[in-house]
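# Secondary and tertiary structure notes
Next come the chains, spelled out residue by residue.
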Amino acid sequence: MSCKAALANRFQYALKSRLIPVRFANPGKARWLIGAAVLAVAIPVIGQDSPESILPPGFGDPVEDAKPTPKPPRNPDNSPRLDDPDPAQLRPDSSVASGTLTSIPSGDPLLPGADPAKEGEEEEALAPAVLQDLPAQSRRSTTRVGILAADDGDMGAAAYGASVGPYLSYLMKKAEAPIASRWASITLRRALLTQADTPRGINGADFAADRAWLLLRMGEADAARMLVQAVDPDQYTLWTKSVAQQTALANADPAGICPAADGHPLAGKDGSWMLSRAICSAFSGETSLAGALIDQARDKGKAGDIDVLLAEKVVGAASNARRSVKVEWDGVTQLTAWRFGLATATALKIPDPLMASVGPHVRAWRSRAALLSAQDRMGDAEIAAALGVFSSAALVDHYAQVSDEAEQAGGADPDPVGAVGSAYSNATATGKATAIGTLWAAEDTSPYRTYAHMIAVARAAAMLPVNDEASDTVDALIVAMMSAGLDVQAARWTKQIDEGSLAWALLAVGSPQKLSSLQSSSVSGLDEGLSGKRAQFFLAGLAGLGRLTPDAANALAEDLDVPMGRQSVWTKAIDRAAKAKEPATVAVLAALGLQADRWADVSPSSLYHVISAYRRVGMEGEARMIAAEALSRS
């Protein structure tokens, strides 16, 4: 059987599987969502307080039922609550290398008009459009915006609880993304797509734009587009229009800019909006107007030569013009969203040095560009999977497309497609396990590729029978299963693992039930991994999940130098959101605690607070997967 057939026969690709993550069930209930096993909620350990405890207040207390606090009545003046923290002071633990709250990492694409600092400027100049062809009963309110249904992981209308709009808006705009954790990113996507009530003190369209803007920086181009399109264009503010433009470019969809470009007050001043209007005119059949607007932008110097040429190429394609436009990248040193979107939409290859200059979220945008070959996008798909944008099934489907292209070209499957195919199609269980172990052992300097390979073979690992012959690769098997949330299948291997090994540690934090053999010496003796923090992350995971007594956690925290009791504005904010049962607010704040390019830069103390907060709002399954991921990727 060919690699392509072996992969395709086992998993069917669906767009939904890329956008809707695993949603863990309530305790005692079993269900599946996109092939991932349901996780049972473990019983927390309740201990006694210690006078010398270095743990945070409330450690070891029982977890209450995760019922969201009812949203209070709106204040007439939309004033914030007195106990809302100052957003400017919200920082994770100071040991987090990337703990600053800068909005956009340097080198990331950002167009004029999409600057968060300019939100609200010239708002009075924006006259709302009137949708003449839309019946009044079909108009959508912005008091609640979202796209997830209840059975797709929706966190509920009160997901943000009593947190006020300006506070949440600040957090979303200042969160650095992508974040270190794939599972935290998946949960954050659910929070941002939830049909949640618009908080007090913010325009509903602006709040939807804030969420879409964060989704874009997470690499979630499809999700951001659906959220923007959940708002009627006649409700767009300037900020909504700016995010809508960015979203259309991230999706390589120039026509998607048009609802935002219509009537924009900057259409005659700003180069990107002037060229956007030209493109939309071409799509409307107004070829002469499109040409005139492009000439105007060029003559007034409102845009760079490359930007005008790209717009001219799109206009030619939209109007079926026979004129050829040659785009040269010589001298271009920055890849903006405009250049990425229009080049990708016209199947132009972007030079590798330019792609290397931007963040991984742009690679995730490119992973779904249908005009580019699957082979050219294979590295992008692996990054998208490691970020949480692609599911395991979506990545397997992409490898199958790569295999199909190679077969049509008469060539062999490139790495790692052959090994992934062997993990599924090998005739023996030992052969399958060996293929998975080989992928795990492969040396790779990328922080994404090896973990992406484990995501791809997760279900191959889950299908293996438990046996001693695979003992040499059991670490890789457990890593693979945990990467896709297959914890029930992973737990079958409990008796085949050695205490103190990586596989044992993964099951200690990731299994639905607490392991009976859990000694403090085994926790502190775990290898340090590549990050030097694996034992510390292990402690943070166990403590956050309530799987250590307070006395044991206190002693280990001191031995491993993990200041879990250190308090800051950020720790108080996430603990308060957890106490108030605000899962979406917790997910946003967790992103601040995990904002780093790699796990080595994440503070174990911050990880503890994230896992603890997740568990307290009823997301223990996700908390366990984050804890397991920290061990796997460190």
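Basis of the calculations
- Residues numbered from 1 in each chain as written.
- Predicted model: local features only at pLDDT ≥ 70, side-chain atom pairs only at ≥ 80, totals over all residues.
- Heavy atoms only, no water.
- Helix = DSSP H or I, 4+ residues; strand = E, 2+ residues; numbered from the N terminus.
- Buried < 20%, exposed > 50% of the residue type's maximum accessible area, 1.4 Å probe, protein only.
- Contact = heavy atoms within 4.5 Å.
- Areas by Shrake-Rupley, 256 points an atom, 1.4 Å probe, with all protein chains shown as cover.
- Core = buried A, V, L, I, M, F, W, Y, C linked by side-chain atoms within 4.5 Å.
- Disulfide = S-S within 2.5 Å.
- Expected span 1.5 Å × (residues − 1).
- Polar contact = N/O pair within 3.5 Å; in protein donor to acceptor, adjacent residues only side chain to side chain.
- Axes fitted to C-alpha atoms, helices over the stretch in contact; angles between N-to-C directions.
- Parallel < 35°, antiparallel > 145°, perpendicular 65-115°, else oblique.
- Left-handed = near helix turned anticlockwise from the far one by under 90°.
- Nonpolar A, V, L, I, M, F, W, Y, C, P; charged D, E, K, R; others polar.
- Salt bridge = Lys/Arg side-chain N within 4 Å of Asp/Glu carboxyl O.
- Phe/Tyr/Trp six-rings, centres within 6.5 Å; stacked < 30°, edge-to-face > 60°.
- Lys NZ or Arg CZ within 6 Å of the ring centre and 35° of its normal.
- pLDDT = per-residue confidence, 0-100.

### Describing the overall build of the protein chain
The secondary structure content of the protein chain amounts to 30 helices and two strands. Out of the 634 residues in the protein chain, the part that is buried amounts to 58%. Look at the contacts in the protein chain between residues 6 or more apart in sequence, and 73% of them connect residues 24 or more apart. For the protein chain, the exposed surface amounts to about 24700 Å²; the carbon and sulfur share of it is 50%.

### Some details on helix 3 (residues 165-174)
In an α-helix there are 3.6 residues to a turn, and that puts residues three or four apart on one side. Counting buried positions along helix 3 yields seven of ten residues, so the element is predominantly enclosed. Every buried residue of helix 3 is accounted for by Gly165, Tyr167, Leu168, Ser169, Leu171, Met172 and Lys173. Buried residues in helix 3 make contact with helix 4 (182-193), helix 5 (204-217), helix 7 (238-250), helix 27 (569-579) and helix 28 (583-593).

### Side note on the nonpolar core
By size, the foremost hydrophobic cluster in this structure holds 195 residues, and its most contacted members are Ile436, Ile478, Phe538 and Tyr614. At nine residues, helix 5 tops the list of elements feeding residues into this core. The contact partners of Phe538, leaving out residues within four places of it in the chain, are Trp504, Ala505, Ala508, Val509, Ser522, Val523, Leu526 and Leu631.

### Considerations on the state of the cysteines
Within the structure shown, the criterion is met by one disulfide. Between the sulfur atoms of Cys258 and its disulfide partner Cys280 the distance amounts to 2.2 Å. Residues Cys258 and Cys280 are joined by a disulfide whose S-S torsion is about -105°; by sign, that bridge is left-handed. Placement of Cys258 in helix 8 (residues 258-261) and of Cys280 in helix 9 (residues 271-283) is noted, with a sequence separation of 22 residues between them.

### Brief notes about helix 5
The first and last C-alpha atoms of helix 5 sit 20 Å apart over 14 residues, in line with the 20 Å expected at 1.5 Å per residue. The opening residue of helix 5 is Asn203, an N-cap whose side-chain oxygen sits 2.8 Å from the backbone nitrogen of Ala205. The first or second residue beyond helix 5 is Gly219, which carries a positive phi of 95°.

### Let's talk about the packing of helix 29 (residues 604-616) against helix 30 (residues 620-632)
Where helix 29 meets helix 30, the axes come as close as 7 Å, and the angle between the chain directions of the two elements is 160°. The orientation of helix 29 with respect to helix 30, classified from their angle, is roughly antiparallel. As helix 29 packs across helix 30, the resulting crossing turns out to be left-handed. Here Leu607, Val610, Ile611, Tyr614 and Arg615 of helix 29 lie close against helix 30, whose contacting residues are Glu620, Glu622, Ala623, Ile626, Ala627 and Ala630. The residue inventory of the contact of helix 29 with helix 30, partitioned by class, reads eight nonpolar, no polar and three charged.

### Details of unusual backbone geometry
The residue after Ala177, namely Pro178, is reached through a cis peptide bond having omega 0°. With respect to the secondary-structure elements, Pro178 resides in the loop between helix 3 and helix 4. Cis geometry marks the peptide bond from Asp415 to Pro416, where omega comes out at 0°. Relative to the helices and strands, Pro416 is located in the loop between helix 16 (392-408) and helix 17 (417-425). At Asp561, a position not held by glycine, the phi torsion is positive, near 60°. Within the secondary structure, Asp561 is located in the loop between helix 26 (550-559) and helix 27. Classification of Asp561 by relative accessible area gives exposed; the value is 62%. Although it is not a glycine, Lys581 adopts a positive phi angle of roughly 60°. Its location among the elements puts Lys581 in the loop between helix 27 and helix 28.

### Observations concerning the environment of Thr571
Its place among the elements puts Thr571 in helix 27. Expressed as a C-alpha distance, the spacing of Thr571 and Ala590, which sit 19 residues apart in the sequence, is 9.8 Å. Once residues lying within four places of it in the same chain are set aside, the contact partners of Thr571 are Arg566 and His609.

### Describing the environment of Ile478
Mapped onto the elements, Ile478 comes out in helix 21 (residues 474-483). Expressed as a C-alpha distance, the spacing of Ile478 and Gln489, which sit eleven residues apart in the sequence, is 9.0 Å.

### Description of the pattern of salt bridges
Within the structure shown, the criterion is met by 21 salt bridges. The network of salt bridges with shared partners includes Asp222, Arg225, Asp253 and Arg368.

### Here's the deal with the packing of aromatic side chains
Tallied over the entire structure, the rule returns five aromatic pairs. Where Trp213 meets Trp239, the ring centres are 5.9 Å apart and the plane angle is 70°; that geometry is what we call edge-to-face. One end of the pair, Trp213, is in helix 5; the other, Trp239, is in helix 7, and 26 residues separate them in sequence. With centroids separated by 5.5 Å and ring planes inclined at 80°, the aromatic side chains of Trp504 and Phe538 adopt a geometry described as edge-to-face. Taken together, the residues span a long stretch of sequence, with Trp504 in helix 23 (residues 502-510) and Phe538 in helix 25 (residues 534-544) at a distance of 34 residues. You can call Trp504 buried: its relative accessible area is 2%. In this structure, Lys173 packs its charged tip against the face of Trp239, placed 4.8 Å from the ring centre.

### Side note on the packing of helix 27 against helix 29
Axis separation between helix 27 and helix 29 bottoms out at 8 Å; the angle between their running directions is 15°. Looking at the two axes, helix 27 sits roughly parallel to helix 29. In terms of crossing hand, the pair formed by helix 27 and helix 29 is left-handed. Taking contact as the criterion, the partners of Trp570, Thr571, Ile574, Asp575, Ala578 and Lys579 in helix 27 are, on helix 29, Ser606, His609, Val610, Ala613 and Arg616. When its residues are assigned to classes, the contact of helix 27 with helix 29 shows five nonpolar, three polar and three charged.

### Description of the side chain of Arg633
Here Arg633 lies in the segment after helix 30. Here Arg633 falls in the buried class, since its relative accessible area comes to 19%. Among the polar contacts made by the side chain of Arg633, one reaches the side chain of Glu629 at a distance of 2.8 Å. Arg633 has contacts with Ala180, Arg182, Ala386, Pro447, Tyr448, Tyr451 and Trp599, leaving out every residue within four places of it along the chain.

### Here's the deal with the environment of Asp575
Structurally, Asp575 can be placed in helix 27. A C-alpha to C-alpha distance of 8.9 Å links Asp575 and Val610, two positions 35 residues apart in sequence. With residues near it in sequence (within four places) discarded, Asp575 still touches Gln567, His609 and Arg616.

### Structural notes on the confidence of the model for the protein chain
Of all residues in the protein chain, 77% attain a pLDDT of 70 or more, and the chain-wide mean is 80. Note on residues 1-51: pLDDT is under 50 here. Beyond four places in sequence and across chains, it has 131 contacts. A low-confidence stretch, residues 68-128 stays under pLDDT 50, and its non-local contacts, those more than four residues away or across chains, total 144 contacts.

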